[in-house]
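Chains, contacts and geometry: an overview
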Amino acid sequence: MYNVKAILTGLLVFMAIFTSPFWLNQLGVDYKRPALAMPVGEKECLAPTDYMRGEHMRLLNEWRDLALRQGERLYTDARGRTWEINLQNTCQGCHNDRAAFCDACHVSNSVSPYCWNCHLEAKGKS
Amino acid sequence: MVRRDFLRKTSLSGLGIAGLGSIGGFAGLGGLIARTASTETPTAGSTRWGLAILTTDFSRNPEIIKACHQAHNVPDIPDKKQKIKWIWEDNAQAAFSEGLPSRLAGELETRSFLLLCNHCANPACVRVCPTRATFKRSDGIVAMDYHRCIGCRFCMAACPYGARSFNFHNPAPYLPASHPAFPARMRGVVEKCAFCSERLPLGLAPYCVEAAKDAMIFGNLNDPDSEISHALHGRLSLTRRPELGTGPSVYYIL
């Protein structure tokens, strides 16, 4: 085998660079779930918190199609409570602090939803 | 059969089949047009929201336009070419481009007419929309899903009433005193009147009708006992550009 030294050092350097994200990640800090400002006075959303955390975007899409396409503006949740299908008024009625609730999580997860391109922010605290 | 005859005969019969096919195609298209036009005639039991405007009672009332535009966050853009309007006023010539029926004119020519989306029975804008952002609901309202609009403006070219406006710029700086109940729109989206479809399930009449008091009547055109059907019955009313076969749901009672 020719040039063993050069090949082996080259391979080592390559492996070090190739696996660097893995090693560097061991040094870095763990991802911490951001602390969200929960609505005051309200204890439960229209679905359990875990579901809302993971699937709220899907629910919002369903709501959009129900309200706009089917003209259905009322939603009954699993516990039998009725809500008006309305992001701007129903959702933001409780979650009225966009920066401390919506954005806190969206920013730390590098997602930028386009909701607020049109929907106006709640006029709660800001 | 010689080769030349064979070719001649096969090509001729091929042409014949193609011809028959195209005739069949046209017949099919004719059927389609007849079918869509027939939706104009009222069918009992189903809803078709409509609006009747009493043009005699209607005096220039800026409150009507203001009520709609404020509630729906319609931006007030000073540039005339980029203006955004859901409901607006114009004279008879602009409203009925074919002109008024002869000898009807006179005082009518000076009247001002409220113009808005006609929520056609056979809407051209819905036909051309490539993303189905604009669509016809079962209650007759031609609605828009602004989430889907890509701003191609085909609907604006198709609409014969100029009822659609395009957001050339970010409308945010031009919004009226912000109304938090209704969303705004963004740059690159077409917008128009939706007959206050967000208010109807709550049992409320459109904002314009509310502001116009008795000069506008909103109701179900398919219900022979509705207020609008009674108002239209036996009275002379016009729709805009009936010759196009779009079947407007907005009537102007003379």
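Residues numbered from 1 in each chain as written. Chains lettered and ligands numbered in written order. Predicted model: local features only at pLDDT ≥ 70, side-chain atom pairs only at ≥ 80, totals over all residues. Heavy atoms only, no water.

**Topic: the side chain of B:R240**
Residues and elements named next belong to chain B. Relative to the helices and strands, R240 resides in the loop between β9 (237–238) and β10 (250–253). Of note is the side chain of R240, whose polar atom sits 2.9 Å from the backbone oxygen of A95. The residues touching R240, leaving out its near neighbours within four places in the chain, are A94, A95, F96, L115, L116, N118, Y161, P248 and Y252. (Helix = DSSP H or I, 4+ residues; strand = E, 2+ residues; numbered from the N terminus. Polar contact = N/O pair within 3.5 Å; in protein donor to acceptor, adjacent residues only side chain to side chain. Contact = heavy atoms within 4.5 Å.)

**Comments concerning the sheet that holds strand β1 (residues 49–54) of chain B**
All names here are of chain B. Read across the open sheet, the four strands follow the order β8-β1-β10-β9; overall the sheet is mixed. Each having just a single partner strand, β8 (216–220) and β9 make up the two edges of the open sheet. Relative to β10, β1 runs parallel, the two sharing four bridges. Counterpart to L54 in the pairing with β10 is I253. (Pairing = 2+ DSSP bridges.)

**Side note on the pairing of β8(B)**
All names here are of chain B. Within β8, five of the five residues are buried, which leaves it mostly tucked inside the rest of the structure. Sheet analysis places β1 next to β8, joined by five bridges and oriented antiparallel. Considered in β8, the bridge of G50 is made with G219. (Buried < 20%, exposed > 50% of the residue type's maximum accessible area, 1.4 Å probe, protein only.)

**Observations regarding the layout of surface pockets**
Residues and elements named next belong to chain B. The computed volume of the second largest pocket comes to approximately 280 Å³. Lining the second largest pocket we find 15 residues, and of these I65, H69, D76, K83 and I84 sit closest to its centre. For the lining of the second largest pocket, the secondary structure elements donating two or more residues are α2 (62–71) and β2 (87–91). In terms of residues, the lining of the second largest pocket owes the most to one element, α2, which gives four residues. Split by residue class, the lining of the second largest pocket holds eight nonpolar, two polar and five charged. (1 Å grid on protein atoms, 1.4 Å probe; cavity = no way out; pocket = protein on both sides within 12 Å on 5 of 7 lines; lining within 4 Å. Points joined across faces, edges and corners; volume = space filled by probe spheres on them. Nonpolar A, V, L, I, M, F, W, Y, C, P; charged D, E, K, R; others polar.)

**Details of the side chain of B:T239**
Mapped onto the secondary structure, B:T239 falls in the loop between β9 and β10. Given the relative accessible area of 17%, B:T239 is considered buried.

**Observations concerning the pattern of salt bridges**
All names here are of chain A. Counted by the stated rule, this structure contains 13 salt bridges over all chains. We note a salt bridge from E44 to R81, for which the minimum N-O separation is 3.6 Å. Taken together, the residues E44 in the loop between α2 (20–27) and α3 (49–68) and R81 in the loop between β1 (74–76) and β2 (82–84) connect sequence positions 37 residues apart. Using a relative accessible area of 36% as the deciding quantity, one classes E44 as partly exposed. Between R58 and E55 there is a salt bridge, and its shortest N-O distance comes to 3.2 Å. Highlighted residues: R58 and E55, both in helix α3, separated by three residues, approximately one helical turn. Judged by its relative accessible area of 25%, E55 falls in the partly exposed class. Salt bridges sharing partners connect three or more residues here, namely E44, D77, R79 and R81. (Salt bridge = Lys/Arg side-chain N within 4 Å of Asp/Glu carboxyl O.)

**A look at empty space enclosed by the protein**
Residue and element names in this part refer to chain B. Under the defined criterion, the tally for this structure stands at four cavities of 30 Å³ or more. One number sums up the size of the largest cavity: a volume of about 100 Å³. In terms of lining residues, the largest cavity is bounded by 16 residues, among which C117, C120, C125, C159 and Y161 are the most central.

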